[in-house]
Every structure is written in C-alpha cells, then in structure tokens.
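# Architecture at a glance
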Amino acid sequence: MHLTARSFTARSFLPAVFVLAVTAATGCAPQETSSDGSAADASSSASAAQSCDSGALATETKGKLTVGTDKPAYAPWFEDDDPATGKGFESAVAYAVAEALGFGKDQVVWQTVPFNNSFAPGEKNFDFDINQVSISDQRKQAVDFSSGYYEVRQAVVALKKSPYAGAKSAADLKGAKLGAQVGTTSLDTINEVIKPTRQPAVFQKNDFAKSALRNGQVDAIVVDLPTAFYITSAEVPDAEVVGQFATSAGTAEQFGLVLDKGSALTTCVTRAVDGLREDGTLAALEKQWLSDAVDAPVLK
C-alpha cells in the first residue's frame, strides 16, 4: 500500500501514545528533565495523564503548536522549501507528533529558526524544533531533546572526477580539503574521525557547501546520508556518495526534537515520539521519504 503523510490519522497512532502514557504510570506535567534530554518520570494519576491533552499543554500560543525549522528547508526532509506541506520526512514527522498531541494540521504554526539558534542557550520562540539536530551531551546543557526520531550516519560526497571519489577509508581522505556546515555533527566527523591535515572549510549553510563542491573549492563535503543521496541525485549530479561512516557501538547518532531547557512539553513530546516509534509510524515515514538512502560503502 502506498503511504502518504496523511495516512497516519489520530486513530492510527493516538491509542499507542495514550496507552503508553497510562501503562508507564507517569505524568506529563512539568517536571525535571533526565540526562537524555527528556523529562524525568514521576508518579502519575489519571489527571496527570490527561495533561498531555492539547488543551492542557502550555504552548507558545494557546490552541496552537509552533514548530521551528531552518530556511531553506531541504529535501528529503521537506519538499519545495515549504515545511507546511506535510511532505518530506521531517515535515511528516512534525505533523504526526502534532496529531499525537491532539493538534490538527491547521493548528500547526511554522517558525523560521536558523539551525545554530535552535539549540543555542536562551528562551525559544517555538514549542519544538525539527531540523536534523543530533542529540548530544553538549547541546543538552542548553536545551531539552525528545527521544530520537531518526538514527543517522554521516557520509562523504565528492565530484566523480575527484581523486578522493575512490576513497575507501578515513585515512584516504586525510589530505583532502573538506567542508561542512558550521555547528553540525558533520563538521565534528571531519575533525574527530577523518582528522584531515588541511583545515576544513566551514559554511553557514549546506547550500554554500554544495556550491563550493561544484566550484572545486573543496574536494568533498560531509553531510548526513539521506542528504548526501539527495545532493547527488538532484542537486549535484556530477557528484557521488563516496561512503558512510559506521556508528561505533553504543554511540548511534540520533536526531531529536529540540525544546526549550526545562520545557513543560518535553515529556509529552517525547511520549508522542515514542508512541510513533512503537506503532511503526516512524519506520513507515522513513521508508516513504528516505528509502533512497539505504546503502553506501562503509568507510573504515
């Protein structure tokens, strides 16, 4: 059966969310956050469980759910630079989370938030942000995270004519001029995994990194794997995915929804994500929107 972003109605996954809320015997009222960025559990009552209803949530605007993301909003995470379409993996996930919390599509308000601002210290103008933000201990010092909604690997993209297109390992890339967006785990991968002998180029947005790749200003760029496949199939057809980096045992990189530090919404949003994972919604959306990013050589 062909799945669409609208295929996941309240009836398809809300039960899983609320059954989980009840059986976990925990509340969604404001409480301290745990070390993984989600709110710590506490003894619940029937009234506490009900506090995850949309009418009881302390959102930025009463009766609305404000969701942040950057602009441009890149494929395959969003389509046509418009997060409000429900098309693209992260747009579909945002609306699924909203529906699990009791908000209809017309109650979701999108807010433009630059990538680095989303997890910077300070009060937020969104209820949660969705923008391929990896959960990390450093970022959790400034913001809350939901549980992970996508497990990601980093990948290297180079022009097909580049001498580095045939790289088989991180060592083969050490002499390359590499580039990545500032503040990303892609840049961390360059510095901590590849450890090149040349200073990497740092870009404010991935668009600038892609332009540098086209123009030969860098030998290769590092991005997450789904983005790498989209770049090579639709944006820079003269480029190819050189390979991906395997995840070390116990250190899987995950994208999480970003919330204000100590947000009263963290527990409820996390439970919505957990419910979507348990009932298969996240896997179905991943298959629908990210199915092309399924294979690439692993760089040793």
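Below: a short report on this structure. No experiment lies behind these values; they were computed from the predicted model shown.

Counting its regular elements, the chain contains nine helices and 11 strands. The buried share of the chain, reckoned over its 300 residues, is 52%. When contacts within the chain are restricted to residue pairs at least 6 apart in sequence, those whose partners lie at least 24 apart make up 71%. For the chain, the exposed surface amounts to about 13,400 Å²; the carbon and sulfur share of it is 50%.

Another point: the layout of surface pockets. A volume near 630 Å³ is recorded for the largest pocket. Every residue lining the largest pocket is counted, 25 residues in all, and those nearest its centre are Thr-185, Asp-188, Thr-189, Glu-192 and Glu-253. At the level of elements, α5 (185-194) and β10 (253-260) are the ones that each hand at least two residues to the lining of the largest pocket. Element by element, the count of residues in the lining of the largest pocket is highest for α5, at six residues.

The full count for this structure, using the stated rule, is one disulfide. A disulfide bridge connects Cys-52 with Cys-268, and the sulfur atoms are separated by 2.2 Å. Disulfide Cys-52 to Cys-268: torsion about the S-S bond roughly -90°, handedness left-handed. Of this pair, Cys-52 sits in the loop between α2 (46-50) and β1 (65-69) while Cys-268 sits in helix α8 (residues 266-278), placing them 216 residues apart in sequence. Neither residue differs from the other here; Cys-52 and Cys-268 are each classed as buried.

Turning to unusual backbone geometry, a few remarks are in order. For the bond from Lys-71 to Pro-72, the omega torsion is 5°, close enough to zero to count as cis. Looking along the chain, the bond that leaves Ala-75 and enters Pro-76 is cis, with omega of 5°. Looking at where Pro-76 falls in the secondary structure, it is placed in the loop between β1 and α3 (89-100). Unlike most non-glycine residues, Gln-132 shows phi in positive territory, near 55°. Of note, Gln-132 is situated in the loop between β3 (128-129) and β4 (143-152).

As a packed pair, α3 and helix α9 (residues 281-290) sit with axes 9 Å apart at the nearest point and diverge in direction by 155°. Taken together, the axes of α3 and α9 lie roughly antiparallel to each other. Note that α3 runs across α9; the crossing there is right-handed. Along the contact surface, α3 presents Phe-89, Ala-92, Val-93 and Ala-96, while α9 presents Thr-281, Leu-282, Leu-285, Glu-286, Trp-289 and Leu-290. Split by residue class, the contact of α3 with α9 holds eight nonpolar, one polar and one charged.

A few words on the nonpolar core. With 38 residues, the main nonpolar core has Phe-89, Val-97, Leu-101, Phe-128, Ile-130 and Tyr-149 as its most contacted residues. For this core, the secondary-structure elements that each account for two or more residues are β1, α3, β2 (108-112), β4, β10, α8 and α9. The greatest single-element share of this core, amounting to nine residues, is contributed by α3. Phe-89 has contacts with Pro-76, Trp-77, Tyr-149, Tyr-150, Leu-282, Leu-285, Glu-286, Trp-289 and Leu-290, leaving out every residue within four places of it along the chain. The next biggest cluster of nonpolar side chains, apart from the first, holds 19 residues, and it includes Phe-203, Ala-212, Phe-229 and Val-241.

Each value, and the rule that gives it
Residues numbered from 1 in each chain as written. Predicted model: local features only at pLDDT ≥ 70, side-chain atom pairs only at ≥ 80, totals over all residues. Heavy atoms only, no water. Helix = DSSP H or I, 4+ residues; strand = E, 2+ residues; numbered from the N terminus. Buried < 20%, exposed > 50% of the residue type's maximum accessible area, 1.4 Å probe, protein only. Contact = heavy atoms within 4.5 Å. Areas by Shrake-Rupley, 256 points an atom, 1.4 Å probe, with all protein chains shown as cover. 1 Å grid on protein atoms, 1.4 Å probe; cavity = no way out; pocket = protein on both sides within 12 Å on 5 of 7 lines; lining within 4 Å. Points joined across faces, edges and corners; volume = space filled by probe spheres on them. Disulfide = S-S within 2.5 Å. Axes fitted to C-alpha atoms, helices over the stretch in contact; angles between N-to-C directions. Parallel < 35°, antiparallel > 145°, perpendicular 65-115°, else oblique. Left-handed = near helix turned anticlockwise from the far one by under 90°. Nonpolar A, V, L, I, M, F, W, Y, C, P; charged D, E, K, R; others polar. Core = buried A, V, L, I, M, F, W, Y, C linked by side-chain atoms within 4.5 Å.

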